[in-house]
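Residue strings, one per chain:
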Amino acid sequence: MLFNSPVFRLFFAVYVTLHGLCPSRWRLLLLIVGSLVFYGYWNWLYTGPPLVLAFAAAGLAAWIMRVPPERRRLRLLASVAALLMPLVFFKYTNFLWLQIVAPLAAMLGFQSGGRLIDLGLPLGISFVTFTLIAYVVDTATGTFPHQAKPKWLVGYALFFPHIIAGPILRPHELIPQLQKGMPLRRRNLLPGLALFASGMVKKMIFADQLGPAVNAAYAHPSGHTLPEFLLAVYGFSVQIYCDFSGYTDMALGTAQILGVRLPNNFFRPYLARSITLFWRHWHRTLSYWLRDYVYIPLGGNRDGQAATARNIIATMAIGGLWHGANWTFLIWGVLHGVAVALNHLADRKLPRSLRLPRWLAVLVTFHFVTLLWIFFRAPNLGVASQVIAGSLGSASIGDLGAFFSAHLFECCLLALFFLAHPWDESRRLRAIAHRAPKAIVVGIVVAAIALSIAIGVGSSAQFIYFEF
């Protein structure tokens, strides 16, 4: 069920009505049922994995808590491994088989055959897995109190605004709010609707309208002109941001209407003046998850500069593979890791007098991120190399008049995005919705939703991060 679809609008209207009528003690059950309806709309068979994972996490956490803190480490490691098994099975089995086992078997003279499994990836399984690992680790380490009743963990894992594409929540960010009964309050309605409308504009007016030009270059990278490659490369930077942050805005808005405050995932990332700051502003909940549950356990920065660099690169490589089972994602993650490690070294060693001016640092960081997005978007390394070569000048300029005639709308969208990006912040939008005259806010929200629907009719696509 897509947030920007008529089906979701009908679902949410019915759900909010029932939520308001339901006594607070029954709202968790209503949430679980509603979340299963939301999730199972695509395929009811895939409601099994998140439910099984949630109950498994509840059982594993209880198992860990039966022993004293000093004896929990092995049980915790085994529990995390168990929670990762479905993700590895669904997402990485064929990759490991075809890309690692099969070549080794061929070298030894054995025939390995084709794909091992032919199953679709359950939506949001990566997000559900990381969310539940956060719960198990936090309860085992005493960061969050163990919940004796599994219902709270099921509600935490299945909460429908975030189940498919995040934010990746820590238990303290959601479970206490669920336990307060998720009261409906009038003051949350307009800010929630404003956030939801913002997400619709990003998704349906920007991301979906830029998608065809991006897809054309990546589907058939030969024969395109330099402007077409540049439109695809810059267009994808805007597309993926508006697609993912648009989903986040809709998730935050939906949750706020239900009386739940979720953490924002984005903070104007394309204005970051370094790659380290970019990762503090882009997909923040994943960045902090990787920091706390991968980078620090690997050793963090405790053992010198070489070990710190190794841990950063390993963490970012895992983050790359988390996005998809493909060499392109691994390369994307490793290159980001190398850049972050070098950035940390420069911060320690480079005098302030030799650092780039802020405007130039922002420009360099944005173009580095944009260049690496090519690996993220390309289906394979061959396409990535063709797009990189084409966008760096190997393609001809072609007929500029014909290009602008065909792509004037997309170019205007890019210009409008970069003009508006400095003011793109959910906290600011919430504050405006709280303080501005209600009639004006309602008018803008209705106009934004109507415009999004009008422009997006027939062209709205699935959210990119649903694939992860």
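Above this text you will find the structure in question.
Residues numbered from 1 in each chain as written. Predicted model: local features only at pLDDT ≥ 70, side-chain atom pairs only at ≥ 80, totals over all residues. Heavy atoms only, no water.

Chemist: Account for the overall build of the chain, naming residues and giving values.
Modeler: Summing up its helical and strand segments, the chain has 18 helices and zero strands in all. The C-alpha radius of gyration of the chain comes to 23 Å, within 12% of the 23 Å expected for a compact globule of 468 residues. Each principal axis of the C-alpha atoms in the chain carries an extent, and together these give about 65 × 65 × 55 Å. Buried residues in the chain amount to 53% of all 468 residues. Here the chain displays about 21300 Å² of accessible surface, and carbon together with sulfur accounts for 67% of that area. Between the mean site of the 38 positive side-chain charges and the mean site of the 16 negative ones, the chain shows a separation of 13 Å. (Helix = DSSP H or I, 4+ residues; strand = E, 2+ residues; numbered from the N terminus. Rg over C-alpha atoms; globule rule 2.2 N^0.38 Å. Buried < 20%, exposed > 50% of the residue type's maximum accessible area, 1.4 Å probe, protein only. Areas by Shrake-Rupley, 256 points an atom, 1.4 Å probe, with all protein chains shown as cover. Lys, Arg positive; Asp, Glu negative; His and termini not counted. Charge placed at Lys NZ, Arg CZ, Asp CG, Glu CD.)

Chemist: Any chance you could break down the pattern of salt bridges for me, citing the residues and the numbers?
Modeler: Under the criterion given, the structure shown has seven salt bridges. For D292, the salt bridge is made with R170, and the minimal N-O distance between the two is 3.0 Å. Of this pair, D292 sits in helix 11 (residues 284-298) while R170 sits in the loop between helix 6 (150-158) and helix 7 (171-179); the two residues are 122 residues apart in sequence, bridging distant segments of the chain. With a relative accessible area of 11%, R170 lands in the buried category. Taking the shortest distance from any N to any O, the salt bridge between E425 and R427 comes out at 2.9 Å. (Salt bridge = Lys/Arg side-chain N within 4 Å of Asp/Glu carboxyl O.)

Chemist: I'd like a description of unusual backbone geometry, backed by residues and values.
Modeler: Glycine aside, negative phi is the norm for most residues, and most peptide bonds take the trans geometry. In this model, R268 sits at a positive phi of 45°, which is unusual for a non-glycine residue. Structurally, R268 can be placed in the loop between helix 9 (226-257) and helix 10 (275-281). At H283, a residue that is not glycine, the phi angle is positive and equals roughly 45°. Structurally, H283 is set in the loop between helix 10 and helix 11.

Coordinates in, geometry out; function isn't part of it.
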